[in-house]
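Single-letter residue listing:
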Amino acid sequence: MSAKIPATVVTGFLGAGKTTLIRHMLENAKGKRIALIINEFGDLGVDGDILKGCGIETCTEEDVVELSNGCICCTVADDFIPTMEMLLGRDNPPDHIVIETSGLALPQPLVRAFNWPGISTKVTVDSVVTVVDGKAVSAGQFAHNVAAVDAQRKLDDNLDHETPLAELFEDQIACADMIVVNKTDLLAEGEADHLRAVLKAEARKGVQVVTSTMGALPVSVLLGQRIGAENDLDARHEVHHHHHDHDDDHHHDDHDHEHSHGHDEFESFVVELGEIEDANAFAEKVADVIRAHDILRLKGFAAIQGKPMRLTLQAVGPRVDTYFDRPFGTAPRLTRLVVIGQAGLKHAEIDAALRA
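So, here's what we can say about the structure. As the structure is a computational prediction, the values presented were derived from the model and not from experiment.

### A closer look at the overall build of the protein chain
Part 1 of the reasoning: Scanning the protein chain from N- to C-terminus turns up 11 helices and 12 strands.
Part 2 of the reasoning: Residues classed as buried in the protein chain amount to 53% of the 356 residues present.
Part 3 of the reasoning: Total accessible area on the protein chain is roughly 15,700 Å²; 51% of this is exposed by carbon and sulfur atoms.

### Some points on the side chain of T312
Part 1 of the reasoning: Note on placement: T312 falls in strand β10 (residues 309–316).
Part 2 of the reasoning: A distance of 3.1 Å separates polar atoms of two side chains, one belonging to T312 and the other to D325.
Part 3 of the reasoning: Among residues more than four places away in sequence, those in contact with T312 are G300, F301, D321, T322, Y323 and D325.

### Section: unusual backbone geometry
Part 1 of the reasoning: The backbone phi angle of K183 is positive, close to 65 degrees, even though this residue is not glycine.
Part 2 of the reasoning: Secondary-structure assignment places K183 in the loop between β6 (178–182) and α8 (191–202).

### Overview of the sheet that holds strand β11 (residues 319–327)
Part 1 of the reasoning: Ordered in space as β8-β12-β9-β10-β11, the five strands form an open sheet in which the pairing is antiparallel. Unpaired on one side and paired on the other, β8 (266–273) and β11 mark the two borders of the sheet. With direction set aside, neighbouring strand axes in the sheet form an average angle of 15 degrees.
Part 2 of the reasoning: Two elements, β10 and β11, share eight bridges in a ladder whose sense is antiparallel.

### A few points about the pattern of salt bridges
Part 1 of the reasoning: Per the counting criterion, the structure on display carries 11 salt bridges.
Part 2 of the reasoning: D177 is the partner of R204 in a salt bridge, and the nearest nitrogen-oxygen pair spans 3.1 Å. Here R204 is found in the loop between α8 and β7 (208–211), whereas its partner D177 is found in the loop between α7 (165–175) and β6, with 27 residues between them in sequence.
Part 3 of the reasoning: The class for D177 is buried, based on a relative accessible area of 6%.
Part 4 of the reasoning: One salt bridge in this structure joins K200 and D294, with 3.6 Å as the shortest N-O distance.
Part 5 of the reasoning: Under the relative-accessibility criterion, K200 is labelled partly exposed at 37%.
Part 6 of the reasoning: Here the salt bridges do not stand alone but share partners, grouping D177, R204 and R236 into one network.

Scoring rules and cut-offs
- Residues numbered from 1 in each chain as written.
- Predicted model: local features only at pLDDT ≥ 70, side-chain atom pairs only at ≥ 80, totals over all residues.
- Heavy atoms only, no water.
- Helix = DSSP H or I, 4+ residues; strand = E, 2+ residues; numbered from the N terminus.
- Buried < 20%, exposed > 50% of the residue type's maximum accessible area, 1.4 Å probe, protein only.
- Areas by Shrake-Rupley, 256 points an atom, 1.4 Å probe, with all protein chains shown as cover.
- Polar contact = N/O pair within 3.5 Å; in protein donor to acceptor, adjacent residues only side chain to side chain.
- Contact = heavy atoms within 4.5 Å.
- Pairing = 2+ DSSP bridges.
- Axes fitted to C-alpha atoms, helices over the stretch in contact; angles between N-to-C directions.
- Salt bridge = Lys/Arg side-chain N within 4 Å of Asp/Glu carboxyl O.

Nothing here speaks to function; it is geometry throughout.
Here it is as structure tokens:
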């Protein structure tokens, strides 16, 4: 049984910067084959052309699918599922699928669709990424141009949820695994930190809130979160329940170091240690250090006393996964960890805490 293909759902209002974030990701994909499903309506279907014209070798014409029949969460059965089946059934399926929802889509019904028979065994939701317009939200609005969002709503004949923007925003935050506060270059000093703190308090426990300018997020931070969002839908409660559920008559199965350009808001550094006595205690210590310093990712390997195999560590936030992958052989028995986070990480403190 081959591993499931990861899919990232990118949500957020019109103008928050979803397309810019995705274009930046494609330009820095480092050979990873990414397929895109874009959900835009009518006259707003320009994003697909922008991305199709991106001229990036990892993103070919057949890798971009535009769903223009209206809001993706209202057309799951007719539109989204067949598109997913087509991508998953290809001779050379993509390494990763990225779904850009329209600004009006509710993320929860889309995530629920990943439990459909025929899809659930082949693909998993790597994470839900909600992009917010930092400048607008700081000013007490949800979008830079609320009138444009309302115009988008009127264009879509298939939209069957008349959700107030405030509730839609709450749903996008409630479903998020990562919140990207975009356009932070437009905020005064301290405003971005305040907004991060507010959103962190509103989001579920453990959700990462990052800031970005022009959607420049390192691919190592954005992709590979391995959350499996479709398995914890109860935690991503919807604020409102007047969206009609399309699932009633369907049976569901239960069931390396990045040198980044233009990523000044992120940094990474390496901590090298000697052999570790106790693998479990070390993994717990790593999780504590991640919590204390708001580290986004930590990855690397450790040498454990008395064990010929090296221990691989991968952490997304405080969730640390470890497994023994291969013998050290003639390689030096070192512990080497790459730490990734927002700029301003206290290198010396983190280094000391990991050595303690």
